[in-house]
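One-letter residues, chain by chain:
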Amino acid sequence: MALAARRIRTAAPAARRGPAGPVALGIGLAVLATLVWSGSFVTSRALGDSVPPVQHAFWRWVVALAVVAPFGARRAWRQRALIRRHLGFVLLASLLGVTVYNTLVNQAGVTTPAANMGMIMAASPVLMALYERAGGVRLGPRRIAGLLIACAGVLLLVGGGASFSAGDLWMIAAACCFGSYSALLRRRPEGLDGAGFLFTTFLFGTVLLLPAQGVSLAVQGGFTPAPDTVLPLLYVGVASSAVAFFAWNKAISLIGPTRAGIVYYLQPVCVALLSWALLAEPTGWAQAGCMALILGGVVLGAGSRT
C-alpha cells in the first residue's frame, strides 16, 4: 500500500505537467511560422514592381507543391475517401489559405510598405479569437488581457504616423482571409493527416489560381527569371509555404487559434525590423515602444493557461 501511495504521489505532478510539452511545442511552432511569414511580407513588397501579384502567388504554390509532394502526396492518396467526404471543408480551406490570402498580400505589396502590411495583418488574431469564442471556447482573463495589450500596441503603432494607401484595403481583406482560415483549421476532420491535408490544400489552391494566372499572363505578360526574382520565389515557396504552413497548422491543433493568434502579434514587430534592415523603411523610438507593448501582450496571453 505504501509503495502504491508513493507511485500515486509521484505520478500526480507528472500528470499536471503533461500539457506543458504540447503547449510549448505549439507556441514554438507558431513563433516559427510567424517569423518566416514576416520575411514573406518583405518579399511581397520587394517583388511588387517586378513580378505580377497573381504570378507571384502561382509560382509560390507550384514550388510549395514540389516540396510537399514527397511527404504528402502518398498520404493524401491513401486518405482520398476521407478527403472526398469532406471536400467542401478542404476546398474552403484551399480557397482562403492558398488561393486568395497570398494573392491579396502580393497585391497589397505593390503599393503598401511592408511595415504597414505587418501591422494590418495583426488584426487577424482578433478575428480568430471572436471565431473561437463564438464556438463556445472560454478564453480566460489572462489570455484576453494579453490579446488586448498586444492589440493596443498594434493600434498605437498604426496611429503613430504610418501613412496608408489604397493597398491597405487589400491587406485588410487578407487579414480577414487568414483569420477565417486559422479558425477553420480547428474543425479539420479527425483522421486527416497533416502532411496529406497540406498537400491537398496546396494542390486545390494552385488549381483554383490557374484562371487568374492565365489572365495575368495575357494582360500583364510574364516576368524575367533572374536571381532577384527566382530566389525570393524559392523562399516563399519553401519556407513561407511548406515549412510555415505546416508549423502553423500543427500549432493550431496543439494550442488553438486564439493562443496562436496572440503569438502572431509578433509579426508587425518582425516585419518592421526586417523592412528597416532590408528595405531601408524608417522606424523610430515610438515604434520600438509599441513593439515592446506587443511583446508584453504576447508573453502574457500566449503563455497563460487561463
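Scope of this entry: the structure provided in the associated data block. The shown structure was predicted, so the numbers you read here are calculated from the model rather than taken from an experiment.

### Comments concerning the overall build of the protein
Item 1. Within the protein one finds 13 helices and 0 strands.
Item 2. Shown N-terminal to C-terminal, the secondary structure of the protein runs as helices and strands in the order α-α-α-α-α-α-α-α-α-α-α-α-α.
Item 3. The contacts in the protein between residues at least 6 apart in sequence include a share of 92% that link residues at least 24 apart.

### Some points on helix H10 (residues 194-220)
Item 1. For H10, spanning 27 residues, the distance from its first C-alpha to its last is 36 Å, which sits close to the expected 39 Å at 1.5 Å a residue.
Item 2. Taking the largest bend as the criterion, H10 deviates by roughly 40 degrees, centred on Leu 210, and proline Pro 211 comes between one and four positions later.
Item 3. Here H10 starts with a cap whose side-chain oxygen sits 3.0 Å from the backbone nitrogen of Ala 195, and that cap is Asp 193.

### A short note on the pattern of salt bridges
Item 1. Enumeration over the complete set of coordinates arrives at 1 salt bridge.
Item 2. Between Arg 75 and Asp 193 there is a salt bridge, with its nearest N and O atoms 3.4 Å apart. In this pair, Arg 75 sits in helix H3 (residues 53-78) while Asp 193 sits in the loop between helix H9 (167-185) and H10, placing the two residues 118 residues apart along the sequence.

### Section: the environment of Gly 222
Item 1. Looking at the secondary structure, you find Gly 222 in the loop between H10 and helix H11 (227-264).
Item 2. Residue classification places Gly 222 among the exposed residues on the basis of a relative accessible area of 57%.
Item 3. With 172 residues separating them in the primary sequence, Gly 222 and Ser 50 have C-alpha atoms 9.7 Å apart.
Item 4. The residues touching Gly 222, leaving out its near neighbours within four places in the chain, are Gln 55 and Leu 217.

### Let's talk about the packing of helix H5 (residues 87-108) against H9
Item 1. For the pair H5 and H9, the least separation of the axes is 8 Å and the interaxial angle reads 155 degrees. As far as their axial angle goes, H9 and H5 are roughly antiparallel. Of the two elements, H5 crosses H9, and the hand of that crossing is left-handed. For the pair H5 and H9, contact is made by Phe 89, Leu 92, Ala 93, Leu 96, Gly 97, Val 100, Tyr 101, Leu 104, Val 105, Gln 107 and Ala 108 and by Gly 167, Trp 170, Met 171, Ala 173, Ala 174, Cys 177, Phe 178, Ser 180, Tyr 181 and Leu 184, respectively.

### Concerning the packing of aromatic side chains
Here a ring pair, both rings aromatic, is described through the centre-centre distance and the interplanar angle of the planes.
Item 1. Per the counting criterion, the structure on display carries 11 aromatic pairs.
Item 2. Taking 5.2 Å as the distance between ring centres and 35 degrees as the angle between the ring planes, the aromatic pair formed by Tyr 101 and Phe 178 counts as tilted. In this pair, Tyr 101 sits in helix H5 while Phe 178 sits in helix H9, placing the two residues 77 residues apart along the sequence.
Item 3. Centroid distance Phe 202 to Phe 245: 6.0 Å. Interplanar angle 80 degrees. Geometry classified as edge-to-face. In this pair, Phe 202 is assigned in helix H10 and Phe 245 in helix H11, connecting sequence segments 43 residues apart. Considered together, Phe 202 and Phe 245 belong to a single accessibility category, that of buried residues.

### Comments concerning a nonpolar patch on the surface
Item 1. On the surface, a cluster of nonpolar side chains totalling about 360 Å² of accessible area is made up of Leu 87, Leu 91, Leu 92, Leu 95 and Leu 208.
Item 2. Among the elements that make up the nonpolar patch, the one with the highest residue count is H5 (4 residues).
Item 3. Along the polypeptide, Leu 95 turns up in helix H5.
Item 4. On the basis of relative accessibility, which here comes to 35%, the residue Leu 95 falls in the partly exposed class.

### Brief notes about the environment of Ser 50
Item 1. Take Ser 50: it is sitting in the loop between helix H2 (20-46) and H3.
Item 2. Considered as a pair, Ser 50 and Thr 229 are 179 residues apart in the sequence and their alpha carbons are 7.5 Å apart.
Item 3. If near-sequence neighbours (up to four positions away) are discounted, Ser 50 is found in contact with Phe 223 and Thr 229.

### A few points about the side chain of Asn 102
Item 1. Relative to the helices and strands, Asn 102 resides in helix H5.
Item 2. Discounting chain neighbours no more than four positions away, the residues touching Asn 102 are Arg 60, Trp 61, Gly 97 and Phe 245.

### Side note on the packing of H3 against H11
Item 1. Packing of H3 against H11 leaves a shortest axis separation of 8 Å and a crossing angle of 60 degrees. For the element pair H3 / H11, the angle class is oblique. The interaxial crossing formed by H3 with H11 has right-handed handedness. In this structure, H3 uses His 56, Trp 59, Arg 60, Trp 61, Val 63, Ala 64, Val 67 and Val 68 to contact H11, whose residues at the interface are Leu 233, Leu 234, Val 236, Gly 237, Val 238, Ser 240, Ser 241, Ala 242 and Phe 245.
Item 2. Split by residue class, the contact of H3 with H11 holds 12 nonpolar, 4 polar and 1 charged.

Conventions we followed
- Residues numbered from 1 in each chain as written.
- Predicted model: local features only at pLDDT ≥ 70, side-chain atom pairs only at ≥ 80, totals over all residues.
- Heavy atoms only, no water.
- Helix = DSSP H or I, 4+ residues; strand = E, 2+ residues; numbered from the N terminus.
- Contact = heavy atoms within 4.5 Å.
- Expected span 1.5 Å × (residues − 1).
- Bend = angle between axes of the 7 residues up to and from the residue.
- Polar contact = N/O pair within 3.5 Å; in protein donor to acceptor, adjacent residues only side chain to side chain.
- Salt bridge = Lys/Arg side-chain N within 4 Å of Asp/Glu carboxyl O.
- Buried < 20%, exposed > 50% of the residue type's maximum accessible area, 1.4 Å probe, protein only.
- Axes fitted to C-alpha atoms, helices over the stretch in contact; angles between N-to-C directions.
- Parallel < 35°, antiparallel > 145°, perpendicular 65-115°, else oblique.
- Left-handed = near helix turned anticlockwise from the far one by under 90°.
- Phe/Tyr/Trp six-rings, centres within 6.5 Å; stacked < 30°, edge-to-face > 60°.
- Patch = residues over 30% accessible without salt bridge, like charges linked within 9 Å, V, L, I, M, F, W, Y side chains within 5 Å.
- Areas by Shrake-Rupley, 256 points an atom, 1.4 Å probe, with all protein chains shown as cover.
- Nonpolar A, V, L, I, M, F, W, Y, C, P; charged D, E, K, R; others polar.

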